[in-house]
Amino acid sequence: MSIRIQGKTYLAELEESEISNEIQKQFPLNLKLNRSGSNEYYNSLPQGVKLTANGTSQVQSGYIYYFAGSNAFSLNFADLNISPYEVIEIGHVVDQSLIEMLSNGPKSIDVDITLL
């Protein structure tokens, strides 16, 4: 998967899971991701995902998550315990320079997400 932000393309790998596969059916995506707290950029996907899976409250820097409660796609740039909420891991960033860019990023970013 490629993630294009502010004219630069970053590579990411998606998990082999039913939820990840379901989300990929919505690609290519253009999302405005909003910064939330000190750990993520997120926004709702255009279409809901009807599947569920085990989640985690311990998010990690460089991982991509799906939050079923808000039908949200999330790019994380810091480790954080988000309990009582849980998210489902759907992938991870290959290009670590994306983490630095997100850490210092603005309130919102436009993101183009495509499959390679």
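Since this is a predicted model, take the numbers as computed values, not measurements.

Enquirer: Is there a simple way to think about the pairing of strand β2 (residues 8-14) in this case?
Expert: Regular strands show a simple pattern: their side chains alternate between the two faces of the sheet. Sheet topology places strand β1 (residues 2-5) next to β2; four bridges connect them, and they run antiparallel. Bridge assignment links Ile-3 to a residue of β2, and that residue is Tyr-10. Between β1 and β2, which pair antiparallel in sequence order, lie two residues; one of them, Gln-6, sits at a positive phi of approximately 50°. The sheet contact formed by β2 and strand β9 (residues 88-93) spans three bridges and is antiparallel. Looking across to β9, one finds that Ala-12 is bridged to Val-93.

Enquirer: Sorry, what's going on with the environment of Ser-103 here?
Expert: Tracing the backbone shows Ser-103 in helix α2 (residues 97-103). C-alpha of Ser-103 to C-alpha of Ser-38: the two residues are 65 residues apart in sequence and 7.9 Å apart in space. Among residues more than four places away in sequence, those in contact with Ser-103 are Arg-35 and Phe-77. For Ser-103, the side chain forms a polar contact with the main-chain oxygen of Ile-99, separated by 2.8 Å.

Enquirer: What should I look at first to understand a nonpolar patch on the surface in this one?
Expert: A contiguous nonpolar patch, built from Leu-11, Val-94 and Leu-116 and spanning about 310 Å² of accessible area, is present on the exposed surface. Following the sequence through the fold, Val-94 ends up in the loop between β9 and α2.

Enquirer: What's the story with the environment of Ala-12 in this structure? I'm lost.
Expert: Checked against the element boundaries, Ala-12 lands in strand β2. Residues Ala-12 and Val-94, 82 residues apart in the sequence, show an inter-C-alpha distance of 4.8 Å. Dropping the residues within four chain positions of it, Ala-12 is found in contact with Met-1, Ile-3, Ile-64, His-92, Val-93 and Val-94.

Enquirer: Just checking my understanding: could you explain the sheet that holds strand β7 (residues 72-76) for this structure?
Expert: Think of a sheet as strands paired side by side through backbone hydrogen bonds, with each pair either parallel or antiparallel. If you walk around this closed barrel you meet the eight strands as β1-β2-β9-β6-β7-β4-β3-β10, and the pairing is antiparallel. Ignoring strand direction, the axes of neighbouring strands in this sheet form an average angle of 30°.

Enquirer: Help me understand the nonpolar core, please; the structure alone is not making it clear to me.
Expert: The nonpolar side chains of soluble globular proteins are, as a tendency, buried together. Ranked by size, the top nonpolar core spans 30 residues in total, and within it Ile-3, Ile-5, Phe-73 and Leu-102 carry the most contacts. It is α2 that provides the largest number of residues to this core, a total of four residues.

Enquirer: Hey, could you run me through unusual backbone geometry in this one?
Expert: Glycine aside, residues mostly have negative phi angles, and peptide bonds mostly take the trans form. For the peptide bond that leads from Phe-27 to Pro-28, omega is 0°, which places it in the cis range. Positionally, Pro-28 belongs in the loop between α1 (18-24) and β3 (29-36). For the bond running from Ser-83 to Pro-84, omega is 15°, close enough to zero to count as cis. Within the secondary structure, Pro-84 sits in the loop between β8 (80-81) and β9. The backbone of Asn-71 shows a phi angle near 50°, a positive value even though the residue is not glycine. Tracing the sequence through the fold places Asn-71 in the loop between β6 (63-67) and β7. Classification of Asn-71 by relative accessible area gives buried; the value is 14%.

Rules used throughout
- Residues numbered from 1 in each chain as written.
- Predicted model: local features only at pLDDT ≥ 70, side-chain atom pairs only at ≥ 80, totals over all residues.
- Heavy atoms only, no water.
- Pairing = 2+ DSSP bridges.
- Helix = DSSP H or I, 4+ residues; strand = E, 2+ residues; numbered from the N terminus.
- Contact = heavy atoms within 4.5 Å.
- Polar contact = N/O pair within 3.5 Å; in protein donor to acceptor, adjacent residues only side chain to side chain.
- Patch = residues over 30% accessible without salt bridge, like charges linked within 9 Å, V, L, I, M, F, W, Y side chains within 5 Å.
- Areas by Shrake-Rupley, 256 points an atom, 1.4 Å probe, with all protein chains shown as cover.
- Salt bridge = Lys/Arg side-chain N within 4 Å of Asp/Glu carboxyl O.
- Axes fitted to C-alpha atoms, helices over the stretch in contact; angles between N-to-C directions.
- Core = buried A, V, L, I, M, F, W, Y, C linked by side-chain atoms within 4.5 Å.
- Buried < 20%, exposed > 50% of the residue type's maximum accessible area, 1.4 Å probe, protein only.

Function cannot be read off these values alone, since they describe shape.
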